[in-house]
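Structural overview for review
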Amino acid sequence: MSAELEQPGGAADLLAARTIPVRRSAFGEFVARAHARGELVVQPRMGFSDPVEMRDGLLAVKGARATTVGTLTLDSYTRIGDHDAARRALADGLRLNGYPIVAQGAARTRAVLDGALDGRFPIQVRHGSARPQAIMTALAEAGLHATEGGPASYCLPYGRVPLRESVANWVECCRLLTAVRESGQEPHLETFGGCMMGQLCPPSLLVALSLLEGLFFCQNGVPDVSLSYAQQTDGDQDEEAVAALRRLAAEFLPTPSWHVVVYTYMGVYPQTPEGAADLLAASARLAVRSGASRLIVKTAAEAFRIPTVEENLTALEHAAAVAADTPRAATDPTAQDSEVYAEARAFVEAVLDLDGTVARSLPLAFERGYLDVPFCLHPDNAGRSRSTIDGSGRLRWTALGSMPLGPSAVTARTRPLTSAGLLSSLSYVQHTYDRTELGRPAARSITADPTTPEDARP
């Protein structure tokens, strides 16, 4: 630990100040019990604007041959706060790309949840908003207590809301969410930080952002949290990343009430049914081997359209079956140091050195370029970092900007990235898994041909 961390308000104080009592939400308790039984909780990203269809979907997921939690994924109008447009669309009978929880109102949402939401089937709201105050109020009024997002992860990739405004919004949202305690519930928040941009962001930055947003939630009154990580290009590197995230959570979070959730690959998805199934299976194995507790699944329809209830059920049951056949790691994956852990800890320490309160330090870190998401065009992102898929299939840095990493973090094979190279990189996972159709099964760790130029690999 650096000398600066010994100053008041730094990371040393956070490590010592474990004063938040253990009080787990119903959502967190359900996941913890399943993990203790050796079961991976699987979850869809499902949302429909029609209340009957939404309720039928929740009941179908509840009855799946898997340990599941439910999801209300919200529509785009609700995400950007245009609730009047959502109401007009409902009045006109239009089909939205999710459930408009604000426009539907609390009474209708409670009817949707009736018979679905209970102690055996918690439900989470997923939305994507940097201004989610109305969403937080609506879900609490409907009797829900679990949602997700974050001040950076639901701001930088999705629009031009200033980061400082998003941070202020999320401080208020944490306060609004605690209103569920009036009905005897404990709120749960999942950080989306481990999914930043979906692809081509080296895992160490994803891990750091996930940890920092989880700490932000704890510092703002919501100590029951989950930390996300999205599957990337290399299975071994992904296992290192989840282990690093779990280790950092144990070291930095002032509460033991947390778990890790893995997302099946968030980028360009395979177009063949075989490729999609293999990629989903790889994410299920990653979750089990790395000690994660929950998996957000994707379906074979992801490359083309919004999946149906039946397609979601197929994905959930496939992931659960693969998980059940996958042994947990023989040794604790968090016990070993790794490149991902060292880099992620450097990010976390640099941010907390600025100020131990994440609401203050997070905007400063982006302003100074200590956190810099590659290929992110938001005006509050420095935009000086770059990454590549190296010869072994791992994501590596090619340019650091002002980030607090040493020269060894940069891959020796650096080439100017052309537009064609960027498009090839974005399709790298899809092409690798779709090749299974040609009788060349994808390896557990996706590999690249080291003789192929970085900007010409498929």
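As the structure is a prediction and not an experimental result, all values here were calculated from the model. (Residues numbered from 1 in each chain as written. Predicted model: local features only at pLDDT ≥ 70, side-chain atom pairs only at ≥ 80, totals over all residues. Heavy atoms only, no water.)

1. Quick word on the nonpolar core
In terms of nonpolar packing, the biggest core is built from 118 residues, with I101 and L371 touching the most fellow members. The greatest single-element share of this core, amounting to 11 residues, is contributed by helix α10 (residues 203–219). Discounting residues that sit within four places of it in the chain, I101 has contacts with L74, T78, T109, V125, I135, A138, L139 and L144. If you look at the next biggest cluster of nonpolar residues, it comprises seven residues, including F27, V31, A34 and V41. (Core = buried A, V, L, I, M, F, W, Y, C linked by side-chain atoms within 4.5 Å. Buried < 20%, exposed > 50% of the residue type's maximum accessible area, 1.4 Å probe, protein only. Helix = DSSP H or I, 4+ residues; strand = E, 2+ residues; numbered from the N terminus. Contact = heavy atoms within 4.5 Å.)

2. Focus on the side chain of E190
Relative to the helices and strands, E190 resides in strand β5 (residues 188–191). On the basis of relative accessible area, E190 is assigned to the buried category, the value being 0%. Setting aside residues no more than four positions away along its own chain, E190 makes contact with Q124, R126, T147, E148, G149, F217, S226, S228, V261, Y263 and R294.

3. Section: the pattern of salt bridges
As enumerated under the stated definition, the model contains 27 salt bridges in all. With its nearest N and O atoms 2.9 Å apart, the salt bridge here joins E302 to R45. Remark: R45 occurs in the loop between β1 (41–43) and α3 (51–62) and E302 occurs in the loop between β8 (294–296) and α13 (309–324); sequence separation between them is 257 residues. A cluster of three or more residues bridged by salt bridges with shared partners is formed by R247, E251, D337, R345 and E349. (Salt bridge = Lys/Arg side-chain N within 4 Å of Asp/Glu carboxyl O.)

4. Structural notes on the packing of helix α12 (residues 273–290) against α13
For the pair α12 and α13, interaxial distance at closest approach is 8 Å and the crossing angle is 45°. On the basis of the axis angle, α12 is oblique to α13. By crossing handedness, the relation of α12 to α13 is classed as right-handed. Residues A277, L280, A281, A284, R285 and V288 of α12 form the contact with α13, whose own contacting residues are A315, H318, A319, V322 and A323. Residue composition of the contact of α12 with α13, by class: nine nonpolar, one polar and one charged. (Axes fitted to C-alpha atoms, helices over the stretch in contact; angles between N-to-C directions. Parallel < 35°, antiparallel > 145°, perpendicular 65-115°, else oblique. Left-handed = near helix turned anticlockwise from the far one by under 90°. Nonpolar A, V, L, I, M, F, W, Y, C, P; charged D, E, K, R; others polar.)

5. What about the packing of aromatic side chains?
Counted according to the given criterion, the structure contains eight aromatic pairs. Aromatic pair Y154 and Y158: ring centres 5.7 Å apart, planes at 65°, arrangement edge-to-face. With relative accessibility at 4%, the residue Y154 sits in the buried group. Where Y154 meets F192, the ring centres are 5.1 Å apart and the plane angle is 55°; that geometry is what we call tilted. On the criterion of sequence distance, the pair formed by Y154 in the loop between β4 (146–149) and α9 (163–177) and F192 in the loop between β5 and α10 is long-range, its members being 38 residues apart. One aromatic cluster is present, formed by Y154, Y158, W170, F192, F216, F217 and Y263 through successive ring pairs. One cation-aromatic arrangement involves R247 over Y341; the distance from NZ or CZ to the ring centre is 3.8 Å. (Phe/Tyr/Trp six-rings, centres within 6.5 Å; stacked < 30°, edge-to-face > 60°. Lys NZ or Arg CZ within 6 Å of the ring centre and 35° of its normal.)

6. Points about α13
Taking 1.5 Å per residue, 16 residues should reach 22 Å; α13 reaches 22 Å between its end C-alpha atoms and fits that length. Three or more residues of α13 are buried, namely V309, N312, L313, A315, L316, A319, A320, V322 and A323. Buried residues in α13 make contact with β1, α3, α12 and β8. (Expected span 1.5 Å × (residues − 1).)

7. Quick word on the pairing of β4
If a strand is regular, its side chains alternate between the two faces of the sheet. By the alternation rule, side chains of β4 split into A146 and E148 and T147 and G149, which are all buried. Pairing of strand β3 (residues 123–126) with β4 involves two bridges; the strand directions are parallel. Bridge pairing links V125 to T147 in β4. (Pairing = 2+ DSSP bridges.)

8. Notes on the sheet that holds β5
Across the sheet, which stays open at both edges, the eight strands sit in the order β1-β8-β7-β6-β5-β4-β3-β2 with parallel pairing between neighbours. A single partner strand is all that each edge strand has here, and the edge strands are β1 and β2 (70–73). Direction aside, neighbouring strands of the sheet carry axes that sit 25° apart on average. Along the sheet face, α10 touches β4, β5 and β6 (225–230) and points at about 165° away from the line of β6.

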